[in-house]
Amino acid sequence: MKEDAAKRTSVTRFWANRAKPDRTARLARFCPFTLFVLVTALSAACSAAELKQATDAAFNKYVGATEARMARELHSGNPFLYVDSLPPGQRSAAYDRLKHGEILVYRLQTRAPGVTSEIPDGMVHHWVGLVFIPGVTMAQALPVLLDYDHRAELYKPEVTASRLIWHNGDHYHVFLRLYEKKFTTVAFNTEYDVHWGRLGPRRMYSDSISSRIAQLRDPDNPAAGEYPLGGGSGFLWRFNTYWRFQEKDGGLYLQCEALSLTRDIPWAVRWLIRPLVTRIPRDALNRALGRTRQVIRQKAEALGK
């Protein structure tokens, strides 16, 4: 009886193994195909792209609707920080997380008649992030925030060069060279019109609007020149950031709402590449807020010694 049972068990195991192909063999067949799909997708995503007039117009319409909402928020009585617009329970939880050192990043979408983030031949990236710096005042943070000549030191390695071009009152014109290494390595010469405003002793805001973005032909050699405006790979066509600063709760809240325009992803590989591309501006915003908090805190501690 025991011998018969052992034989039946052995036969069962034999046919079970025949029914299930070896896992290593399956992976060996699967990995080359996956690698081929990934390489094909990245090649398509890195191909040349030109900013079209319809894409630019649709993005400008989205920006206009977004900035109209922001203008309303700056009036007294409206939520100043994004978390103030959340339901009471979520708002309280968000403030607790911020006070415990978390960086909060939310994806946004402007909704208005005739306005959509789904634009032809382009992708709108719209995020807002917040961070809290305990024990720091507005006066301690401003020297860091207004030091445009040293932005490259603040946001390296994503910013490799920076300088203030001109300054008149609360208006600044700034140059930044941006550097990104994800699917491929790209660099951009960019310029921004920056306006600062004050809403009382404890609240300020600044709007940074891109006025020129040109991709470098060689990211590691700026002297090699630029692609024509709107040309290149299309990884960055427009880039606006809207900052808010509020001193309360024994520290300083920083908020950055980032709005950018990039090329769309070819339909055949969109399912693979688009989620990866979407994460890039979110992760960049998280790093920028973390780095800003770190430097402001260091400067404040150095002044207090």
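These lines cover the structure that appears in this document, whether it is placed above or below.

The rules behind these values
Residues numbered from 1 in each chain as written. Predicted model: local features only at pLDDT ≥ 70, side-chain atom pairs only at ≥ 80, totals over all residues. Heavy atoms only, no water. 1 Å grid on protein atoms, 1.4 Å probe; cavity = no way out; pocket = protein on both sides within 12 Å on 5 of 7 lines; lining within 4 Å. Points joined across faces, edges and corners; volume = space filled by probe spheres on them. Helix = DSSP H or I, 4+ residues; strand = E, 2+ residues; numbered from the N terminus. Nonpolar A, V, L, I, M, F, W, Y, C, P; charged D, E, K, R; others polar. Pairing = 2+ DSSP bridges. Axes fitted to C-alpha atoms, helices over the stretch in contact; angles between N-to-C directions. Core = buried A, V, L, I, M, F, W, Y, C linked by side-chain atoms within 4.5 Å. Buried < 20%, exposed > 50% of the residue type's maximum accessible area, 1.4 Å probe, protein only. Contact = heavy atoms within 4.5 Å. Phe/Tyr/Trp six-rings, centres within 6.5 Å; stacked < 30°, edge-to-face > 60°. Lys NZ or Arg CZ within 6 Å of the ring centre and 35° of its normal. Salt bridge = Lys/Arg side-chain N within 4 Å of Asp/Glu carboxyl O.

**A look at empty space enclosed by the protein**
- This model, assessed by the stated rule, comprises 1 cavity of 30 Å³ or more.
- What the largest cavity holds in volume is close to 30 Å³.
- In terms of lining, the largest cavity is formed by Phe188, Ile213, Ala214, Gln215, Pro228, Gly230, Gly231, Leu236 and Trp237.
- Broken down by element, the residue count for the lining of the largest cavity peaks at 3 residues, all from strand S6 (residues 203–215).
- When the residues that make up the lining of the largest cavity are grouped by side-chain class, the tally is 6 nonpolar, 3 polar and no charged.

**Quick look at the pairing of S6**
- Taken together, the 11 bridges between strand S5 (residues 185–198) and S6 define a ladder with antiparallel strand orientation. Along S6, the bridge assignment pairs His195 with Asp207.
- One ladder, built from 6 bridges, connects S6 with strand S7 (residues 238–248); its direction is antiparallel. By the bridge assignment, Arg203 is partnered in S7 with Gln246.

**Comments concerning the sheet that holds strand S3 (residues 159–168)**
- Spatially, S1-S2-S8-S7-S6-S5-S4-S3 is the arrangement adopted by the 8 strands of the open sheet, whose pairing is antiparallel. One side of each edge strand has no neighbouring strand; the edge strands of this open sheet are strand S1 (104–107) and S3. Within the sheet, the average angular offset between the axes of one strand and its neighbour, ignoring direction, is 20 degrees.

**With respect to the nonpolar core**
- Grouped together as the largest cluster of nonpolar side chains are 39 residues, with contacts concentrated most on Trp196, Phe245, Leu254 and Ile296.
- In terms of residue count, helix H7 (residues 270–304) provides more of this core than any other element does, 6 residues in total.
- Beyond its immediate chain neighbours, meaning those up to four positions away, Ile296 contacts Ile133, Val136, Ala141, Val144, Leu145 and Leu254.
- Phe59, Ile119, Tyr242 and Leu261 belong to the second-largest nonpolar core, a separate cluster that totals 14 residues.

**Some words on the layout of surface pockets**
- Of the voids in this model, the largest pocket is the one considered here, and its volume is about 1000 Å³.
- Along the walls of the largest pocket sit 44 residues, with Glu158, Leu178, Phe239, Thr241 and Ala284 positioned nearest its centre.
- A total of 8 residues in the lining of the largest pocket trace back to one element, the largest contributor, which is H7.
- Here the second largest pocket defines a volume of roughly 270 Å³.
- In terms of lining residues, the second largest pocket is bounded by 20 residues, among which Arg69, Glu73, Tyr82, Leu108 and Glu257 are the most central.
- No other element matches the 5 residues that helix H3 (residues 53–73) contributes to the lining of the second largest pocket.
- In the lining of the second largest pocket, the residues fall into 9 nonpolar, 5 polar and 6 charged.

**Observations concerning the packing of aromatic side chains**
- Enumeration over the complete set of coordinates arrives at 7 aromatic pairs.
- On the basis of an interplanar angle of 50 degrees and a centroid distance of 5.3 Å, the ring pair of Tyr148 and Tyr172 is categorised as tilted. Pair noted here: Tyr148 is in the loop between helix H5 (138–145) and helix H6 (151–154) and Tyr172 is in strand S4 (residues 171–181), with a separation of 24 residues, a long-range link.
- Taken together, the ring pairs connect Tyr95, Phe132 and Tyr253 into an aromatic cluster.
- The ring centre of Phe80 lies 5.5 Å from the NZ or CZ of Arg244, which sits over that ring.

**Considerations on the pattern of salt bridges**
- All chains considered together, the criterion is met by 11 salt bridges.
- The partner of Arg202 in a salt bridge is Glu247, and the shortest N-O contact between them spans 3.3 Å. Residue Arg202 is located in the loop between S5 and S6, and its partner Glu247 is located in strand S7; the two are separated by 45 residues in the primary sequence.
- Since its relative accessible area comes to 47%, Arg202 is described here as partly exposed.
- For Arg282, the salt bridge goes to Asp283, with nearest N and O atoms at 3.2 Å.
- By relative accessible area, Asp283 is classed as partly exposed at 28%.
- Through salt bridges that share partners, Arg69, Glu73, Arg244 and Glu257 make up one connected network.

Without other data, these values stay purely geometric and don't point to any function.
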